[in-house]
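Structural description and commentary
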Amino acid sequence: MTRPTGASALLAIACLLPPPGASSALPSPGVQTAGGDALAVHVLNRLAYGPRPGDLEELRRVGVDRWIERQLRPEGIEDRALETRLAALRTVGLSSAELLEGYEVPREVKREAQEKRAALGDDATEAQREQAKRELRARARALMDGSPREVVEELQAAKLLRAVYGERQLDEVMADFWLNHFNVYAGKGPVKFLLAEYERDVIRRHAWGRFEDLLRATAQSPAMLFYLDNWLSADPEGGAPTVAGRVRSLFGRPPAPAPAGRRRGLNENYAREIMELHTLGVDGGYTQKDVTEVARAFTGWTIAGLRQQKPAFRFEPRLHAGGDKVVLGQRIRSGGKGEGEQVLHMLATHPSTARFISYKLARRFVADEPPAALVDRAARVFRETDGRIRDVVRAIVTSPEFRAPDAVQAKVKTPLEFVASALRASGAELQDARALSRRLGEMGMGLYMQQPPTGYKDTAEAWVSTSGLLARLNLALDLAAGRVPGVRLPSTLATGAPETLAARLVPGGLGQSTRQTLAREAAAEPARVAGLLLGSPEFQRR
Amino acid sequence: MTPHTRRFFLRSSGLSLVAFGLAPRALLRAAEQGGARRGKTLVVVFQRGACDGLNTVVPYGEEAYRRLRPTIAVPAPRGGSKEAALDLDGHFGLHPALEPLLPLWRERSLAVVHAVGSPDGTRSHFDAQDFMESGTPGRKSTEDGWMNRHLQEHAAPAATPFRAVALTPTLPRALAGRAPAVAMASIGQFELRGGPATAQARGFEQMYDQAVRDVLHGTGQETFEALAFLKKADPARYRPAHGAAYPRGRYGDALRQVAQLIKADVGVELAFTETGGWDHHAAEGGVQGQLAARLRELGQALAAFHRDLGPRMADVVVVTLTEFGRTVRENGNRGTDHGHASVSFALGGDVAGGKVLGRWPGLSAGALYEGRDLALTTDFRELVGEVLARHLGARDLGRVFPGFPLAAGRFPGVMRA
């Protein structure tokens, strides 16, 4: 058969393409009728970052249920190709100590910079300043394995590579979910150096286990302790020496003598966010008094060895506020580190937590406003299994609500989902992730760069806006035209028959207007089709 | 139908466009015939993270201020020294990093409202920002933002796609709702690759045009109209005037672009900008430090904006908002924790400036909210309500702020009578 061109392309598309999906004018016949492929596409859109060429065939071969069960046990899935790609990144496998040692600007260079600035004074010329900067940079380079920026760029690259090429797709979705739930911000102090370990040894290690273990691991991670300031929190009545010197040294200022009578004290930041964002939810039934009491229980949970570039969790009894605490109406006997442990247990097993976590998971996997019955069931599984995350996720993704026709294509992709799914669908080769990471930042979703502890939103209204849409259309056009540095699309995308491209990029089916538009454009210039498909309304949904 | 789908349906059905006077083709013709009207503008500056109002406009006259902030208090004014507060009225002083604002205070274009904020007691950033943007403190079910409700309730027959614009990558909650509003990270990025007249632009436009019943349809339509309109107005050709120097960085860029849009007469009635990094739990600093750096950028940006617009400031009011203030007492880490009331600035040609407005509750132990925070004496809705009514001519504040009866007697008096 010859490739259809011109008018015959229109016919071919009209005849060959699957019927319109849920996003078009007609409700989707999707799951109910088509069963097999429509369900498979749905599963790939939700438990993975979208279908790749060949994925549908694999699901057909393995069967949807078995594929899901396999994804629920990611440790059994081989992922060699991804490992090879990740091996090219120098920093993601390193420990926090190694990263601080090799990539943090050394103190002596910071000191030199200060001295130089002072020596130059206010009257130095621009040329003199530039010269001083160059010298300092050369000095720093000689002492460092790489720049702090490189650390962040490689974290972002690793995340994109995993999303695009990983075989353990559901594992990746879950890692993203928990990283977002227990958000930390790479831009705060040394967090960028603590993040690789945080992601590897805290988030991924516990992503499928008991929620309480995950919660405890975050509570004791230097990344979270720093990000939400708990490492600084101390007994307001205590006489221990001030930690202000530690803050100063981190920000590169010379230590000054603490004013007389000055004591360090309580910091409520972590106490509030652990209840509002990590466990109970904002309506979970706690008060300002509970926040203060939880903050007191966590005094002394701090970071040891940050200055020596060997950061680790430590309980420091000298910082701990003694005395009983009352949290959520329960008395916690004065008991040092054990108080924080008790709080963690209390929060992890609280019914509000079961509900809040189940709701967020159902929102991620099913719909922006997930069916209440599904959330109830998932929360019951959470409570009955002592918070086993795997069982809660299984309950959600094997539920009838997950497969219901109105769940299909019901979610609008986040920028990360859009980017990853576009690369997957087109079979793109990602050689350098920096340009793509920058684009994500411009779309409002810089990876590891969400400053507030809420993480990124997971609902359509947060991502559907004029500028957001425009950014997607432009990225679609740029990708298809090979204008994103570091990303190469297969040449077949520019020359392929439109119906083949449509089936490959949007296997869930196109609405009538998109089909008509494509047919028209394909007749005029076939090279435009891929860009239009990636920018189509259908492709913005999952 | 769930609230969201109903809203999205309205947005996407085309009803919204007609209801708000945005008849697309007529609009383009208007643009071709020489742009929109020159109207009044409100610019909202949202300081995300809860700005420490007490170190921004310093109540240096209060003994408790210095006592409760042994390491971060800004010293009382000392003859114009830059190492101390800059005196405003004998009781309050500006943080010295806000020096660029002092001339605006003296020429009475800048007013301060102290002890202002949202009356809800939450100390959650998320909730407090949400309440301040929805305009319904304590009620989370509100779907739209107060800025959007102002657009809904005050239909403007000659409205352009830029009647409401946010210089942010995504649409803020305050502007979310049925009335069209545009969000853009920058003017330069608000352009479809290849321009609006290309085949792919037409292709996208058709695809989204037909995607009825889809939330993306309404957004698509707004996007393509806005693209065509902006192209015609070409705001990028306006450079900072009168020697205005915006600070480098994202925030200066955002305000500079708001000025460009205003000067290009694209019909901006509401503009929204945001600045982050105000959450100083540790090492906040006093005269110098982290807060000082944020304030310096804000002060420079506002002063540059004022200078840039020149006489046009007669049509513009800028209001700063932050979700709550911070504890009066500094915490153990030379920072402050989440508190209650904070401070707002109002800047503009018609602002009754040179005054610290609002009732000052004081910092004595008995006057503090929950024994720890600056008490609230002005509801932020009274402040922005006054600007909506007296500057933009809003008539129906009851719908903009449902459940909050707002009589003129409750306005803090930021606008000249």
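Reading guide: rules and limits
Residues numbered from 1 in each chain as written. Chains lettered and ligands numbered in written order. Predicted model: local features only at pLDDT ≥ 70, side-chain atom pairs only at ≥ 80, totals over all residues. Helix = DSSP H or I, 4+ residues; strand = E, 2+ residues; numbered from the N terminus. Buried ≥ 20, exposed ≤ 12 C-beta atoms within 10 Å, placed from the backbone. Contact = placed C-beta atoms within 7 Å. Rg over C-alpha atoms; globule rule 2.2 N^0.38 Å. Core = buried A, V, L, I, M, F, W, Y, C linked by C-beta atoms within 7 Å. Pairing = 2+ DSSP bridges. Nonpolar A, V, L, I, M, F, W, Y, C, P; charged D, E, K, R; others polar. Axes fitted to C-alpha atoms, helices over the stretch in contact; angles between N-to-C directions. Parallel < 35°, antiparallel > 145°, perpendicular 65-115°, else oblique. Left-handed = near helix turned anticlockwise from the far one by under 90°. pLDDT = per-residue confidence, 0-100.

Observations concerning the overall build of chain A
When you go through chain A residue by residue, the secondary structure sums to 30 helices and six strands. The buried share among the 542 residues of chain A stands at 51%. A separation threshold of at least 6 residues defines the contact pool for chain A, and within that pool the share at least 24 residues apart is 75%.

Description of the overall build of chain B
When its secondary structure is counted, chain B shows 14 helices and twelve strands. The C-alpha atoms of chain B give a radius of gyration of 22 Å, which matches the 22 Å a tight globule of 417 residues would have. When the 417 residues of chain B are sorted by exposure, 60% land in the buried category.

A look at unusual backbone geometry
Residue and element names in this part refer to chain B. One non-glycine residue with positive phi stands out, namely Ala50, at about 75°. Relative to the helices and strands, Ala50 is located in the loop between strand 1 (41–47) and helix 4 (53–56). When the 25 C-beta atoms within 10 Å are taken as the criterion, Ala50 is described as buried. Even without being a glycine, Ala283 presents a positive backbone phi close to 50°. Structurally, the position occupied by Ala283 is in the loop between strand 8 (270–275) and helix 12 (290–309). The exposure class of Ala283 is buried, given the 22 C-beta atoms found within 10 Å.

Things to note about the nonpolar core
Soluble, globular proteins show a tendency: their nonpolar side chains are buried together. Counting 273 residues, the largest nonpolar core has Leu195(A), Ala378(A), Ile396(A), Leu533(A), Val44(B) and Val319(B) as its most contacted members. Here this core gets ten residues from one element, more than from any other, and that element is helix 10 (residues 148–165) of chain A. Once residues within four sequence positions are removed from consideration, Val319(B) is found in contact with Leu42(B), Val44(B), Val45(B), Ser344(B), Ala346(B), Leu383(B), Val384(B) and Val387(B).

Let's talk about the sheet that holds strand 3 (residues 86–87) of chain B
All names here are of chain B. Pairing is antiparallel across the open sheet formed by three strands, whose spatial order is 2-4-3. The sheet is open, and its two borders are formed by strand 2 (57–58) and strand 3, each paired with just one other strand. Inspection of the sheet shows strand 2 paired to strand 4 (residues 93–94) by two bridges, in the antiparallel sense. Opposite Val57, over in strand 4, you have Leu94 as the bridge partner.

What to know about the interface of chain A and chain B
On the chain B side, the residues contacting the 61 residues of chain A number 51 residues. Residue assignment for the side of chain A that touches chain B shows that the elements contributing at least two residues are helix 15 (244–250), helix 16 (269–278), helix 25 (460–463), helix 26 (466–480), helix 29 (512–524) and helix 30 (529–535) of chain A. In terms of residue class, the side of chain A that touches chain B is built from 24 nonpolar, 22 polar and 15 charged.

Side note on the packing of helix 13 (residues 211–219) of chain A against helix 18 (residues 337–348) of chain A
All names here are of chain A. Axis separation between helix 13 and helix 18 bottoms out at 9 Å; the angle between their running directions is 140°. It follows from the interaxial angle that helix 13 and helix 18 lie oblique. The handedness of the crossing between helix 13 and helix 18 is right-handed. Between helix 13 and helix 18, the contacting residues are Phe211, Glu212, Leu215, Arg216 and Ala219 on the first element and Leu344, His345 and Ala348 on the second. For the contact of helix 13 with helix 18, the class distribution of residues is five nonpolar, one polar and two charged.

A short note on the confidence of the model for chain B
Residues and elements named next belong to chain B. Residues at a pLDDT of 70 or more form 90% of chain B, whose mean pLDDT is 88. For the stretch residues 1–36, pLDDT sits under 50, and the model shows 63 contacts to residues farther than four places along the chain or on other chains. In the predicted assembly, ipTM is 0.79 and pTM is 0.81.

Some details on the environment of Leu473(A)
Following the sequence through the fold, Leu473(A) ends up in helix 26. Note on Leu473(A): 27 C-beta atoms within 10 Å, which makes it buried. Leu473(A) sits 64 residues away from Pro537(A) along the chain, and the two C-alpha atoms are 9.9 Å apart. With near-sequence residues (within four places) excluded, Leu473(A) lies in contact with Gly535(A), Leu192(B) and Phe204(B).

Remarks on the pairing of strand 8 of chain B
All names here are of chain B. Burial runs high along strand 8: six of the six residues are buried. Of the two faces of strand 8, the one lined by Leu270, Phe272 and Glu274 and the one lined by Ala271, Thr273 and Thr275 are each fully buried. Here strand 1 runs beside strand 8; their pairing, made up of six bridges, is parallel. Bridge pairing in strand 8 places Val44 opposite Phe272. Pairing of strand 6 (residues 164–166) with strand 8 involves three bridges; the strand directions are parallel. Residue Val165 lies in a different strand from strand 8, and its bridge partner there is Ala271.

A short note on helix 7 (residues 125–134) of chain B
Residues and elements named next belong to chain B. By the criterion of burial, helix 7 is predominantly enclosed, with nine of the ten residues buried. For helix 7, every residue scored as buried is listed here: His125, Asp127, Ala128, Gln129, Asp130, Phe131, Met132, Glu133 and Ser134. Tucked into the core, helix 7 has its buried residues touching helix 8 (146–153), strand 9 (316–322) and helix 13 (380–390). Of the residues trailing helix 7, Gly135 is marked for its positive phi of about 80°.

As for the packing of helix 19 (residues 351–365) of chain A against helix 21 (residues 389–397) of chain A
All names here are of chain A. Running from N to C, helix 19 and helix 21 point in directions that differ by 45°, and their axes come no closer than 10 Å. On the basis of their axis angle, the class for helix 19 and helix 21 is oblique. The crossing of helix 19 and helix 21 is right-handed. Contacts between helix 19 and helix 21 involve Ser358, Leu361, Ala362 and Phe365 on the former and, on the latter, Val392, Val393, Ile396 and Val397. A breakdown of the residues in the contact of helix 19 with helix 21 according to their chemical character gives seven nonpolar, one polar and no charged.

Things to note about the confidence of the model for chain A
Residue and element names in this part refer to chain A. Looking at chain A as a whole, its pLDDT mean stands at 87, while 88% of the residues score no less than 70. Here residues 1–34 is modelled with pLDDT under 50, and outside its nearest four sequence neighbours on either side it reaches 76 contacts, counting other chains as well. Note on residues 248–263: pLDDT is under 50 here. Beyond four places in sequence and across chains, it has 19 contacts.

Remarks on the environment of Gly194(B)
Residues and elements named next belong to chain B. Mapped onto the fold, Gly194 is located in the loop between strand 7 (182–183) and helix 9 (199–210). Among the residues examined, Gly194 registers 13 C-beta atoms within 10 Å and is labelled partly exposed. Ignoring sequence-local partners within four residues, the contact set of Gly194 consists of Gln200 and Ala201.

Remarks on the environment of Lys413(A)
Residues and elements named next belong to chain A. Relative to the helices and strands, Lys413 is located in the loop between helix 22 (400–403) and helix 23 (415–426). Separated by 119 residues in the primary sequence, Lys413 and Val294 have C-alpha atoms spaced 37 Å apart. When near neighbours in sequence (up to four residues on either side) are disregarded, Lys413 contacts Phe418, Ser421, Gln540, Arg541 and Arg542.

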